[in-house]
Amino acid sequence: MQDVGGRSAAAWVRALLLPLLLTGPGGCLSHQDLFPYGPLQGDLELEDGDDIVSPALELSEGLHFYDRSGIDSVYVTTNGIIAMSKPPAKESHPGLFPPTFGAVAPFLADLDTTDGLGKVYYREDLSFSATQLAAEYVQRGFPEVSFQPISVVVVTWESVAPYQGPSRNPAQEGQRNTFQAVLASSNASTYAIFLYPQGGLQFYTTFSKKEKSQVPAMVAFSQGLVGLFWKSDGEYDVFANDSKSIENLTRNSNSGRQGMWVFEIGSPAAAKGVVQAEVNLGPNSGANYEGEVEDYDQMTTHLGLEDASTPSLPFKISKRGDTDSYDVSHALSPRHETTEGSRSFQLPVFSQQQVFHVEEMEETGSVFPYNTDSQQTCANNRHQCSVHAECRDYSTGFCCRCVAGYMGNGRQCVAEGSPQRVNGKVKGRIFLGSSHTPIVFENTDLHSYVVMNHGRSYTAISTIPETVGYSLLPLAPIGGIIGWMFAVEQNGFKNGFSITGGEFTRQAEVTFVGHPGKLVIKQQFSGIDEHGHLTIDTELEGRVPQIPAGSSVAIEPYTELYHYSGSGESTLGDGREGSPDALQNPCYIGTHGCDTNAACRPGQGTTFTCECSIGFRGDGRTCYDIDECSEQPSVCGSQAICNNQPGTFRCECVEGYRFSDDGKCVAIVDQRPIDYCATGLHDCDIPQRATCIYMGGSSYTCSCLPGFSGDGRACQDVDECQPSRCHPDAFCYNTPGSFTCQCKPGYQGDGFQCVPGEVEKTRCQQEREHILGAVGAADAQRPRPLGLFVPECDEHGHYVPTQCHGSTGYCWCVDRDGRELEGTRTRPGLQPPCLGTVAPAIHQRPVLPTSVIPLPPGTHLLFAQTGKIERLPLEGNTMKKAEAKAFLHVPEKIIIGLAYDCVDKMVYWTDITEPCIGRASLHGGEPATIVHHDLGSPEGIAIDHLGRNMFWTDSHLDRIEVAKLDGTQRRVLFDTDLVNPRSIITDPVRGNLYWTDWNRDNPKIETSYMDGTNRRILAQDELILPNGLTFDPFSSQLCWVDAGTHRAECLNPSQPSVRKVLSGLEYPFAVTSFGKNLYYTDWKRNSVVAVDLAISSVTDTFHPHKQSRPYGITTTLSQCPQGHNYCSVNNGGCTHLCLATPGSRTCRCPDNTPGVDCIERN
C-alpha cells in the first residue's frame, strides 16, 4: 500500500517504538528547561477558541525551510502548527496531510483553548540569552555543526485541552498538554527544537471532525504545495503518528536528553527532506533497551571458512522517498535465521506487536505502513506510480502494482525478462595490508549488466588503482546484491527489485579471518533514472589483506534464496523450507531450453513448462510468430496493407490513400484547391493577434484582430489609452488587444462611468487596518507599539514595492500580494532597488490550447526540461532572455531530443518515459504521439526536411532508425557496433547522416549516407563523452560538445582536421548552431550557454526559471536553408522511403513490408 511519505531514521524508529525500561527521572526535561515564555517575556497571546489562526508574526530575520529562504512571517495555530503562510479556512482544523501550506507541527492535533482551557504564546526573540540557549540545544543534537542563531521564534502551547466533539471522552477530562517549539535561524540555516517536559503530554489522541472518531496526534513537517503552474505536494516528513510514539516523546530523544528533539529544517542539506539529530540517550539518561540493536546489517566474508552470526536491525533509512508498501498484521517474527556461504542474520526480539513504515530498507528489508488520518488516493497520487503500473484505492490508502509484463514494486517497474543496466560511481579509502597510508579513489565508474531471463549478472568497476585492484577481488558482496535485485523469481517469492523498486540503502561490514580490521561497504540505490538504468553509489572504507598482483581468488560456490511473504517475514536462507532441488529448477539455472520468445514457468522440484509469449504460438520450446495478417485478412480494413511483425502487426494505407481521423484509409485527392486557413499552413500572425480569411480557391488574406494593427502577418498592440477612453475619474490600463478602466480611489463604477462613493478595500488596505486595529493604533494620532510592522500601500491601495520595518530599519521588495521577494532584504539604512510588480486587472484573453503556446514570428531556441519545452527568442545572435516563455507543457514526461521541421513548422521530440516520439506545431494546437511502440530509450532525433523523413537513436535497443515524419514506414538502419548512441543530425542537401556514440570504451562520432551505406568513423581520438551534435548547413561545419573533455569541437566533414573551439565547458548535453554561435545546454549550470565560434569564447548564459537539467536544444529557423536533394520532388519516384545520398537517392522498403507492395532500387 502506498502511504504518506516521510523521512525518518533508524534512531527515531528505535527510540519511539522499542520497549523502554525507565530507570528513573534523571535526565528528564522539566518545565524550567523550556524557553521562558508568557506576557512578561513579550509574548503575543493567541485568541482563545477552537481552530484559531494568529495574525502574521512579522520576523526581522528570515527563516529557512526546506529549499526556501527569507520567510519573513509565520502564523501560529491552536492545533499545534507553525505555518509558513496563512492556512486556508478549510484547513484550519486537522485534516488530510500534507496540508497545502508549509507547516512545522510539534503536536498536530485538534486542540482547544475555549473558555480559558490553556494558552498559546508566541514571539520572535533576538536576545543573547534566547539565541545562546538555542545554540546549546542544537549543539546537543548536532555536535559536529557550528551553529550560532541570530533569531529564534518561540511558540508555547501551555495546558491546552483536547477537542472532544459531541461525545466527550471521560478519560480525557482534566487532561492538559504543554509543549514548546523553537525555530532558531542563522543566515544560512534554520533548526527546529521540540521540547516535551516530563508530565507535559497527558493525552495522545483527539476527536477528529473529519473522521468523527479519536485519532492520534502527529509530529511532522510539510513544505506545502510547490510548482508555478501545476501545484503538487512538496516534500513532507512524518516522524510520529501513533499513540505509542506520541507517548514516548517525553521519555526519549534524538539529542541525548529525554523530551528534547532537534531537526535541521532549512538549508541545502534539508532541501529534499528534514534532517534529524541522531544522538542516542546515554546509559544514565533514563532509558535502557533490551538487547543490542545495530543500525546496519553485518556481512562477514570468510574465504572458505565457517559462518558467523551477528545481530542486525532490518530497517535503516537515509533518504526520503515514497515506496510501495505492504500491510503487516503482526510484529516481526522474533528470529529469522539463515545459513549461506558467507552471510547470516538475526533480528532483535520485540516484546509487543508494532506497525512500521520503512521507506528505504536493507537488502532483507520490507516496507510497512503506518496509520494516519490522511486518506491518500490514486486521484491525487497517481504520479507516485510508475507509468507501467496501475493504481488502486483501498480503505487504508492506495496501491501501485506493475501491469502484466512488468515487475517491480509499483513505484518502479521494468519489463520482465529484459536486460537491465546498472550504472553508478564508486569511491574508496582503503588501507592495504598493514599500511598506514590509505589508497584513495573517487568518481570511479561501476557498470553492471543483468540478463534477467538467464539469471546472470556481470559487474565491473573501472580504473581501480592497480595497487589495490587484486586485493579487492574477494569483495563479491559489492555486486552480489545486484544479482539479488534481479534474480529469477520462484513461485511465491520476490526478488529485490520487486520488494524495493531499487530505492534503498545498504551497509555491510566485511571481515577477513586471520586479518585485523574490516571493510565497510555503503551503497545507495536511487531507483531507475531517466535513461531506464538503475543508479547506485558505492563507498568503500577500511582495511583489506594484501593480495599479490597476478593472483587469483577462489570463492566456494554458494546459493542464496530471498523470500518475502505478505505476513511481513523477510528470510534470507538456503532453501531449507523446501526441497533441496528448489534451486536446481532449470528456470533458475538457465538450462530450460525454452524458445527465446517464451517464458519459463517453474513447477515443483525440477519440473517446468515453456509458454510462448503473446503474439507467438508453439509448444514453448519452439515458438512461431502468429501471422495476424493471414489469420485475420480484414483486420486493417479496405485500401490497407497488413504488415506482420514478430509478436504483432502493422497497418499501412496503399499508395494514394491516407489514414483518416477514425483510422480508416481514405483517398488522397490531388490538384484540389487548398484552404490554407483550415489547414493552418498560412503565414498569418498567431490566432491571439490575427485571423486568416479564406478567399476561395487557394487564396487567403490575413487581418489583425481588433486592438492590433499591422498587415495581418505581423500585428502590434494598439495603445487604446492614448488618448484615454475612460471616465475622467478613472485610470486607463492598456492590455494586449484591449484596455481596461478602473475608477480612482473614492469613486465607484465600471471605469467608463464613475461616481463618488466607497470602493472595496484592497488586500493591502485590509491588512493594514487589521494590524492597526488589533493593537488599538488605528488612530493616526496615537503612537504605534514598538516592533510592529505595518505594510505601506500606494494611491491605488496596492503594496508599495519597497517595504520597511519601522523599528529594525530592514527593507525588502514585495510582490503584488505583499510577499517578500527572496534575496532583496537589506540592512538598516539601505533601500533595495525594487521594481513595481503590481499590474491592474486584465480581462481574460482568448483561451490558449491546453498544452501548446504558439510562437511569435522570428527565430527561436527551443530547449527541453523535465515536463516542458521552453522557447528563447533570438535577435540576431543575442538571446532575448526577458522574453523566454514556455512553449509546451507535458507533465510527467522527460523529453530528451529535439528537432525542427522548417517546412511544416513542427517541433519533434523523444520522450523516454513512455517511451515515444511526439510532435507539435509552432502555431499551437494539441501535441501528438507519432511513434509509441517498439522503442527502448529514444534519445537523439533529426529531420530531413527535404526528403520528409526523421531519424532517431535508441540507446536501449542500440540502433538507429528512419521513418516518415508521421511515424510510418519505419526501417532500422543500424543495429550493430552501437553501444550508447545519443545525438544524431542530418545534412539533407548532401545526403549525409552523423551521430555520436559515447561508449565509454570506444567513444566515437560516425557518419554514413542517409540510406545507411558508406558507414565510417569520422572522429575517435580525444573523445570521452560526446553528447550533443549539430550541423550548420551554411558553413558546412559539424560541431559537437563533449561532457568528458569539457570542450566543444568543430570540423568540416570533407576535411579530417579537427580544431578546438572552446575548453572549460562544465557538463554540456545538447548543442545547436545559428549564425556565428553555438548554443548548448549545460547540466552543471542548468542553463543555456552561447559560444561565439569566431572568438572561441562564451558570450552569454541564460538561466531558466525552472532550475532543473536542460536536455535537447534546437533552432526554429524562420526560413528553410536553400538547397534540394533527389527526394525533394515526388518522393524521388520511390513507392515508400526515399533516402538521399550524395548526388542521388535510394528507394527502400519499411521493415516487414511484403516485397510486392514496395520496390527497392538505387
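Quick caveat, the model's predicted, so the values are computed rather than measured.

## Structural notes on the overall build of the protein
Here is step 1 of the chain: Helices and strands together make up the secondary structure of the protein, namely ten helices and 79 strands.
Here is step 2 of the chain: By the burial criterion, 53% of the 1162 residues in the protein qualify as buried.
Here is step 3 of the chain: Pairs at least 24 residues apart make up 54% of the contacts formed inside the protein by residues separated by at least 6 positions.
Here is step 4 of the chain: Looking at the protein as shown, the accessible area adds up to about 50900 Å², and 50% of this sits on carbon and sulfur atoms.

## Re the environment of Gly410
Here is step 1 of the chain: Inspection of the secondary structure puts Gly410 in the loop between strand S25 (406–408) and strand S26 (413–415).
Here is step 2 of the chain: Using a relative accessible area of 0% as the deciding quantity, one classes Gly410 as buried.
Here is step 3 of the chain: When the C-alpha positions of Gly410 and Gln384 are compared, they lie 8.6 Å apart, and in sequence the two are 26 residues distant.
Here is step 4 of the chain: Not counting residues up to four positions away in its chain, the partners in contact with Gly410 are Cys385, Ser386, Ala389, Cys400, Arg401 and Cys402.

## Some words on the side chain of Asp987
Here is step 1 of the chain: With respect to the helices and strands, the residue Asp987 is situated in strand S65 (residues 981–987).
Here is step 2 of the chain: Each residue touching Asp987, except ones within four places of it in the same chain, is listed here: Asn992, Tyr994, Met1010 and Phe1031.

## Observations concerning the state of the cysteines
Here is step 1 of the chain: Within the structure shown, the criterion is met by 19 disulfides.
Here is step 2 of the chain: Between the sulfur of Cys594 and that of Cys610 lies a disulfide, 2.0 Å long from S to S. Disulfide Cys594-Cys610: torsion about the S-S bond near -70°, hence left-handed. Residue Cys594 is located in the loop between helix H7 (586–589) and strand S35 (598–602), and its partner Cys610 is located in strand S36 (residues 608–612); the two are separated by 16 residues in the primary sequence.

## Remarks on the sheet that holds strand S73 (residues 1068–1074)
Here is step 1 of the chain: Taken in spatial order, the four strands of this open sheet run S73-S74-S75-S76, and their pairing is antiparallel. Both edges of this open sheet fall to S73 and strand S76 (1097–1102), since each of them pairs with a single strand only. Pairwise comparison of adjacent strand axes, ignoring direction, gives a mean angle of 25° for this sheet.
Here is step 2 of the chain: Two elements, strand S74 (residues 1077–1082) and strand S75 (residues 1087–1092), share six bridges in a ladder whose sense is antiparallel. Looking at the pairing, Leu1078 lines up with Val1091 of S75.

## Some words on the nonpolar core
Here is step 1 of the chain: Core analysis: the largest hydrophobic core is formed by 41 residues, its most contacted members being Val104, Phe107, Trp157, Leu183, Phe194, Phe221 and Ile265.
Here is step 2 of the chain: Apart from residues no more than four positions distant in its own chain, Leu183 is found in contact with Leu63, Ile82, Met84, Val104, Ser151, Val152, Val153, Thr190, Tyr191, Ala192 and Ile265.
Here is step 3 of the chain: With 34 residues, the next largest nonpolar core counts Ala864, Ile896, Val907 and Ile912 among its residues.

## Some words on the pairing of strand S71 (residues 1047–1051)
Here is step 1 of the chain: The buried fraction of S71 amounts to five of the five residues, a majority that puts the element mostly inside the structure.
Here is step 2 of the chain: Burial along S71 is two-sided: Arg1047, Glu1049 and Leu1051 facing one way and Ala1048 and Cys1050 facing the other are all buried.
Here is step 3 of the chain: Of the strand pairs in this sheet, strand S70 (residues 1037–1042) and S71 are connected by five bridges, and their pairing is antiparallel. Its bridge partner being in S71, Leu1038 is matched across the sheet by Leu1051.
Here is step 4 of the chain: Where S70 hands over to S71, the hairpin turn is made up of four residues, of which His1046 adopts a positive phi near 60°.

## A look at the sheet that holds strand S67 (residues 1004–1009)
Here is step 1 of the chain: Across the sheet, which stays open at both edges, the four strands sit in the order S65-S66-S67-S68 with antiparallel pairing between neighbours. The sheet is open, and its two borders are formed by S65 and strand S68 (1016–1019), each paired with just one other strand. Strand-to-strand twist in this sheet, taken as the mean axis angle between neighbours without regard to direction, amounts to 30°.
Here is step 2 of the chain: Where strand S66 (residues 992–997) meets S67, six bridges bridge the pair, whose relative direction is antiparallel. Bridging across to S67, Asp997 finds its partner in Lys1004.

## Thoughts on the confidence of the model for the protein
Here is step 1 of the chain: On average, residues of the protein carry a pLDDT of 78, and 80% of them reach 70 or more.
Here is step 2 of the chain: Note on residues 1–26: pLDDT is under 50 here. Beyond four places in sequence and across chains, it has 123 contacts.
Here is step 3 of the chain: Per-residue pLDDT stays below 50 along residues 283–374; that stretch engages in 299 contacts with residues further than four places along the chain or on separate chains.

## Section: the packing of aromatic side chains
Here is step 1 of the chain: Under the defined criterion, the tally for this structure stands at 28 aromatic pairs.
Here is step 2 of the chain: For the pair Trp484 and Phe504, a centre-to-centre distance of 6.2 Å together with 90° between the ring planes defines the contact as edge-to-face. You can see Trp484 sitting in helix H5 (residues 477–485) and its partner Phe504 sitting in strand S30 (residues 503–511), a full 20 residues away along the chain.
Here is step 3 of the chain: A relative accessible area of 0% places Phe504 in the buried class.
Here is step 4 of the chain: Considering the side-chain rings of Phe486 and Phe497, the 5.5 Å spacing of their centres and the 25° angle between planes classify their relative orientation as stacked. On the criterion of sequence distance, the pair formed by Phe486 in the loop between H5 and helix H6 (496–500) and Phe497 in helix H6 is long-range, its members being eleven residues apart. Across the pair, Phe497 and Phe486 agree in class, each one buried.
Here is step 5 of the chain: Members of the aromatic cluster, each reached through a chain of ring pairs, are Phe107, Trp157, Phe179, Tyr196 and Phe203.
Here is step 6 of the chain: In this arrangement the basic side chain of Lys744 is found over the ring face of Phe731, its NZ or CZ atom lying 5.6 Å from the centre.
Here is step 7 of the chain: Between Arg1015 and the ring centre of Phe974, over which it is positioned, the NZ or CZ distance is 4.8 Å.

## A look at helix H2 (residues 128–141)
Each α-helix winds once per 3.6 residues, and so residues spaced three or four apart point in a common direction.
Here is step 1 of the chain: The first and last C-alpha atoms of H2 sit 20 Å apart over 14 residues, in line with the 20 Å expected at 1.5 Å per residue.
Here is step 2 of the chain: Buried-residue contacts for H2 involve strand S8 (119–125), strand S9 (151–162), strand S10 (177–185), strand S11 (190–195) and strand S18 (260–266).

## Here we look at H5
Here is step 1 of the chain: The buried fraction of H5 amounts to seven of the nine residues, a majority that puts the element mostly inside the structure.
Here is step 2 of the chain: The complete set of buried residues in H5 reads Pro477, Ile478, Gly479, Ile481, Ile482, Trp484 and Met485.

The rules behind these values
- Residues numbered from 1 in each chain as written.
- Predicted model: local features only at pLDDT ≥ 70, side-chain atom pairs only at ≥ 80, totals over all residues.
- Heavy atoms only, no water.
- Helix = DSSP H or I, 4+ residues; strand = E, 2+ residues; numbered from the N terminus.
- Buried < 20%, exposed > 50% of the residue type's maximum accessible area, 1.4 Å probe, protein only.
- Contact = heavy atoms within 4.5 Å.
- Areas by Shrake-Rupley, 256 points an atom, 1.4 Å probe, with all protein chains shown as cover.
- Disulfide = S-S within 2.5 Å.
- Pairing = 2+ DSSP bridges.
- Axes fitted to C-alpha atoms, helices over the stretch in contact; angles between N-to-C directions.
- Core = buried A, V, L, I, M, F, W, Y, C linked by side-chain atoms within 4.5 Å.
- pLDDT = per-residue confidence, 0-100.
- Phe/Tyr/Trp six-rings, centres within 6.5 Å; stacked < 30°, edge-to-face > 60°.
- Lys NZ or Arg CZ within 6 Å of the ring centre and 35° of its normal.
- Expected span 1.5 Å × (residues − 1).

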